[in-house]
Amino acid sequence: FILLMVALTYAVVHSAISIASQQAVDALVRDASNGADQIASFIATGGSLIRQFATDRVLWEGDETLCQDRLRRDMEMLPYFTRLTAYDAEKGVLCTFPEGDARETNLLPEEKEIFDIVYLTGGSTPTQAYRGLNGEAYISFLSPLEDPQTQERYGVLVGRVAVSYTHLRAHETRHDLV
């Protein structure tokens, strides 16, 4: 009788552990899939916004005040980017919002790596995630400052995003409302 009880207990415990393990694996797969969808949407949104903002001729026409006002308006319209900075072809700052010192507005190494590619090819691209000056995680989106009629390029617009779980969740909520 004891042997039968031990065998029955073993079978029940083994079945319970197998079912629980399978449910845990299923939950991990589901969460990973949802996370991947959020990240893809986050990257697509950033790329779309930076391309849209970069076609505004005010950014390269030379009036720094108007340029900065336009970047401020773009950031207030949709609070997505932490900083927007327009650079000329030689990587000099045309304007930035919010204002900052040279340390904050100069191109970071991750942005420098792809600046020339974006400028020369006319393509837009995000950087890989990196640690910013303050230690936070960032992704930068780069797009050429380009006249949509003539395709003439004047520089590159860089939008930095401080990436955090909260930011991704806020993006998911805004995306669901649209």
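In this text, all values refer to a predicted model and were calculated from it rather than measured experimentally.

Draft legend 1. Just the nonpolar core, in detail. One finds L59, Y80, F81, L84, F141, L145 and L157 to be the most contacted residues of the largest nonpolar core, which totals 20 residues. Within the residue set of this core, elements represented by two or more residues are α1 (2-53), α2 (64-77), β1 (83-88), β5 (137-146) and β6 (153-162). Here this core gets 4 residues from one element, more than from any other, and that element is α1. When residues no more than four places from it in sequence are discounted, the contact partners of L157 are I50, F53, A54, L59, L71, T85, A86, F141, L142, S143 and L145. In terms of nonpolar packing, the next biggest core, distinct from the first, is built from 8 residues, Y87, V118, V156 and V158 among them.

Draft legend 2. Representation of the layout of surface pockets within the structure. Each pocket or cavity is described by its volume, and for the largest pocket that value is around 240 Å³. Looking at the lining of the largest pocket residue by residue, the classes come out as 5 nonpolar, 3 polar and 4 charged.

Draft legend 3. How the structure looks around helix α4 (residues 109-121). The largest bend in α4 is about 35°, located at F115. Of the residues one or two after α4, G122 is the one with positive phi, at around 80°.

Draft legend 4. Representation of the environment of T125 in the model. Looking at the element boundaries, T125 is found in strand β3 (residues 125-126). The class of T125 is partly exposed, set by a relative accessible area of 28%. As for T125 and I114, which are separated by 11 residues in sequence, their C-alpha atoms are 8.2 Å apart. Those residues within four positions of T125 in sequence are excluded, and the remaining contacts are I114, V118, S140, F141 and L142.

Draft legend 5. Examining the packing of aromatic side chains more closely. Enumeration according to the criterion identifies 9 aromatic pairs in this entry. Between W60 and Y154, the ring centres sit 4.7 Å apart and the planes meet at 5°, which makes this aromatic pair stacked. In this pair, W60 sits in the loop between α1 and α2 while Y154 sits in strand β6, placing the two residues 94 residues apart along the sequence. Three or more aromatic residues link up through ring pairs in this structure, and these residues are F42, F53, Y80, F81 and F141.

Draft legend 6. Seen up close, a nonpolar patch on the surface. On the surface, a nonpolar cluster with roughly 680 Å² of combined accessible area is contributed by F1, I2, M5, V6, L8 and V12. Relative to the helices and strands, I2 is located in helix α1.

Draft legend 7. Broad picture of the side chain of T105. For T105, the position within the fold is in helix α3 (residues 102-105). Apart from the residues lying within four places of it in its own chain, the contact partners of T105 are R83, T85, Y87, V93, T96, G100 and R160.

Draft legend 8. Expanded view of a negative patch on the surface. A cluster of like negative charges, contributed by D63, E64, D69 and E99, occupies part of the molecular surface. Position of E99 among the secondary structure elements: in the loop between β2 (93-97) and α3.

Draft legend 9. α2, seen in detail. When the terminal C-alpha atoms of α2 are compared, their 20 Å separation across 14 residues agrees well with the 20 Å that a helix rising 1.5 Å per residue should span. Listed as buried for α2 are C67, Q68, L71, D74 and M75. Angular distribution of buried residues about the axis of α2 spans 120°; they occupy a single face of the element. Away from the buried face of α2 by more than 90 degrees, exposed residues T65 and E76 are located.

The rules behind each value
Residues numbered from 1 in each chain as written. Predicted model: local features only at pLDDT ≥ 70, side-chain atom pairs only at ≥ 80, totals over all residues. Heavy atoms only, no water. Core = buried A, V, L, I, M, F, W, Y, C linked by side-chain atoms within 4.5 Å. Buried < 20%, exposed > 50% of the residue type's maximum accessible area, 1.4 Å probe, protein only. Helix = DSSP H or I, 4+ residues; strand = E, 2+ residues; numbered from the N terminus. Contact = heavy atoms within 4.5 Å. 1 Å grid on protein atoms, 1.4 Å probe; cavity = no way out; pocket = protein on both sides within 12 Å on 5 of 7 lines; lining within 4 Å. Points joined across faces, edges and corners; volume = space filled by probe spheres on them. Nonpolar A, V, L, I, M, F, W, Y, C, P; charged D, E, K, R; others polar. Bend = angle between axes of the 7 residues up to and from the residue. Phe/Tyr/Trp six-rings, centres within 6.5 Å; stacked < 30°, edge-to-face > 60°. Patch = residues over 30% accessible without salt bridge, like charges linked within 9 Å, V, L, I, M, F, W, Y side chains within 5 Å. Areas by Shrake-Rupley, 256 points an atom, 1.4 Å probe, with all protein chains shown as cover. Salt bridge = Lys/Arg side-chain N within 4 Å of Asp/Glu carboxyl O. Lys, Arg positive; Asp, Glu negative; His and termini not counted. Charge placed at Lys NZ, Arg CZ, Asp CG, Glu CD. Expected span 1.5 Å × (residues − 1). Arc of directions from axis to C-beta.

So, to be careful, I would describe these as geometric facts and stop short of saying anything about function.
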